[in-house]
Amino acid sequence: MVKKLIYGIAMVAGLASCNGDYDDWASPQQNAANEAAEKFELTVQPSVQRIDFAAENPETIALFSTNLAEGVASAEEFNVSFSTEGKEPVEFTVGTDAVMALKEIQSVIETFFGKAPVERTLDVEVSAVVAVNTADGIVKVSKTCNPFKLSAILDAPEIYPHMYLIGAPSAWDPTCTTLPFNHDDSKSVYDNPIFTITVPVAEGETWFAFADDKTVETNDWSNVFGAREGNGKNLIGEKGSFARRSDLSDDGSFMISVNGDAKYMKITLDVMEGTYLIEKINFSDYIYEIGNNTGWSGVNPLSNNGDGLYTGYCWMDGEYKFKPNADNWNGDWEMVEDLGNNKYSFDTNGASNFPSLNGFYEMKVDLVTNTAQMTEVKSITCVGNHNSWTVNDAAQHMTYNPEAGCWEITTSLKDGFKFAMNDDWAISWGGANGDPTAYANLSQNNGKDLNAPEGEGTYKVQLFLACEGKNRVVLTKQ
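Everything quoted here is computed from the prediction, not taken from an experiment.

**Q** If you had to explain the pairing of strand β24 (residues 309-323) to someone new, which residues and values would you point to?
**A** β24 sits mainly inside the fold: eleven of its 15 residues count as buried. Bridge count between strand β22 (residues 286-291) and β24: four bridges; the pairing is antiparallel. Opposite I290, over in β24, you have K321 as the bridge partner. Between strand β23 (residues 300-304) and β24, which follow one another and run antiparallel, lie four residues, and G306 among them has a positive phi close to 105°. Where β24 meets strand β27 (residues 354-366), eleven bridges bridge the pair, whose relative direction is antiparallel. Bridged to W315 within β27 is F360.

**Q** If you had to explain the packing of aromatic side chains to someone new, which residues and values would you point to?
**A** Where two aromatic rings form a pair, the distance of their centres and the angle of their planes describe that pair. The tally for this structure, following the rule as stated, stands at 25 aromatic pairs. By way of ring pairs, the aromatic residues F181, F208, F210, F225, F242, F254 and Y276 are connected into one cluster. If you follow K323 out to its NZ or CZ, it ends over the ring of W329, 4.8 Å from the centre. Residue placement shows R472 over the ring face of F464; its charged tip is 4.0 Å from the ring centre.

**Q** So what's going on with the environment of K343? Residues and values would help.
**A** The residue K343 is located in strand β26 (residues 343-347) in this model. For the pair K343 and N305, spaced 38 residues apart in the sequence, the C-alpha separation amounts to 21 Å.

**Q** Could you give an account of the environment of T60, naming the residues involved and the relevant values?
**A** Positionally, T60 belongs in strand β5 (residues 60-62). Residues T60 and L102 lie 42 residues apart in sequence; the distance between their C-alpha atoms is 5.3 Å. Setting aside anything within four residues of it in sequence, one finds T60 in contact with V99, M100, A101 and L102.

**Q** I'd like to hear about the sheet that holds strand β35 (residues 457-464), residue by residue, with values.
**A** Reading across from one edge, β30-β31-β35-β36 is the order of the four strands in this open sheet, with antiparallel pairing throughout. Looking at which strands have only one partner, the edges of the open sheet turn out to be β30 (399-401) and β36 (472-477). Direction aside, the axes of adjacent strands within the sheet are offset by 30° on average. Bridge analysis of strand β31 (residues 406-413) against β35 gives seven bridges, and the strand direction is antiparallel. Pairing of L413 across the sheet is with G457, part of β35.

**Q** I'd love a proper account of the nonpolar core, names of residues and values included.
**A** Residues I51, F53, L63, F64, F82 and I105 are the most contacted members of the largest nonpolar core, which totals 38 residues. Every element with two or more residues in this core is listed here: α1 (28-39), β7 (73-75), β8 (78-83), β9 (90-94), α2 (102-113), β11 (120-134), β12 (137-145) and β13 (148-153). When sequence neighbours within four positions are dropped, the list of residues in contact with F64 reads V44, Q45, P46, S47, F78, V80, V94, D97, A98, V126 and F148.

Rules and cut-offs
- Residues numbered from 1 in each chain as written.
- Predicted model: local features only at pLDDT ≥ 70, side-chain atom pairs only at ≥ 80, totals over all residues.
- Heavy atoms only, no water.
- Buried < 20%, exposed > 50% of the residue type's maximum accessible area, 1.4 Å probe, protein only.
- Helix = DSSP H or I, 4+ residues; strand = E, 2+ residues; numbered from the N terminus.
- Pairing = 2+ DSSP bridges.
- Phe/Tyr/Trp six-rings, centres within 6.5 Å; stacked < 30°, edge-to-face > 60°.
- Lys NZ or Arg CZ within 6 Å of the ring centre and 35° of its normal.
- Contact = heavy atoms within 4.5 Å.
- Axes fitted to C-alpha atoms, helices over the stretch in contact; angles between N-to-C directions.
- Core = buried A, V, L, I, M, F, W, Y, C linked by side-chain atoms within 4.5 Å.

Rendered as structure tokens:
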């Protein structure tokens, strides 16, 4: 089928004139030819004023015409420059027919303004080396025309800044906003159309749907999003398509069935493409850090409490990565973007290792949002009855021994002590499971105050931090 271009014909009363430059000529005859070429005015007539990319468009478009004519003047090609205020111009070379690919103009608009379907205006400047026929021969001169205006609007779906999960995980209410999807709001939804959410899922069937700001504002069930595959027939583990219920033949509600094979479901939406991916998830107990600090062979574990948030501690010495398995590289995670303050986004197709760090760090890796937060451990305080529970007591700061891989101090101890990070009680370690003698299993989750194993006295204290279930302290009485 022949595609039609929807555009407005430029209502231009006259032709845009151009200015030229030329070389000086030594002889009068040459000067006369040059003067004749200088007087020639190249004019450019826009062929279109407006392009609507939502309509059916051809692959190419003739952008303008000129007054070049056989026997008078000619050009082998034209240089076309697109510009807008505050942006570096984008240039193309086109043939004498002034034909450009529509996708080239689209790329200019996306580069300048993004992908939102908002009408934009470009300044278009045409230049060329023109061969002018004179009585004394052909003279080539450079001509640059005054810019003309071209407006265009891209083809994109109606997208709103927020998406919400409604149904059994929250409430069957089109105005429910208790479970918002995650989105990187540093970018427009048209430039980053990916929304994600990870939520617990119960045994049996769970039914749900999606809503956006329009759904919430209108309180209209027809604006709820459902599966194009049909009510409860959505795909699991592979991409499907979604649309508003007003475009479906039934409700298109989503359904996931769990029979001991998942504790969570992760939903990824591409609102530009109108696609979804629903995955069943059982978060593993551990993931691992590997890097220059391990010689890119050993690993440091991070533990998980079942919700996809992993925490671990280790000495950092250069670049590093994370991976799901201790003994292979399958599905390893690399950095996608530096979010600032030692926070990074990542995925399995990341661009690089994580940036170099040096020192002892707390690692928090969130597999729900695919982000990693690294926090330097500047101090560990051995705090308790022996120092009146003064958490920021510099005299009780431990020293990290990189060869032994532990924090050390020799100090007097009494029954009742713990270990606190960065002069604060936000993170501290004590005996797991309420046990004051759990020296081989320290926990930062309501850890119990520890007892001195051989009574009050002076101890060499060696604290080995890794992750929950693997933290321990060695106490040697002096």
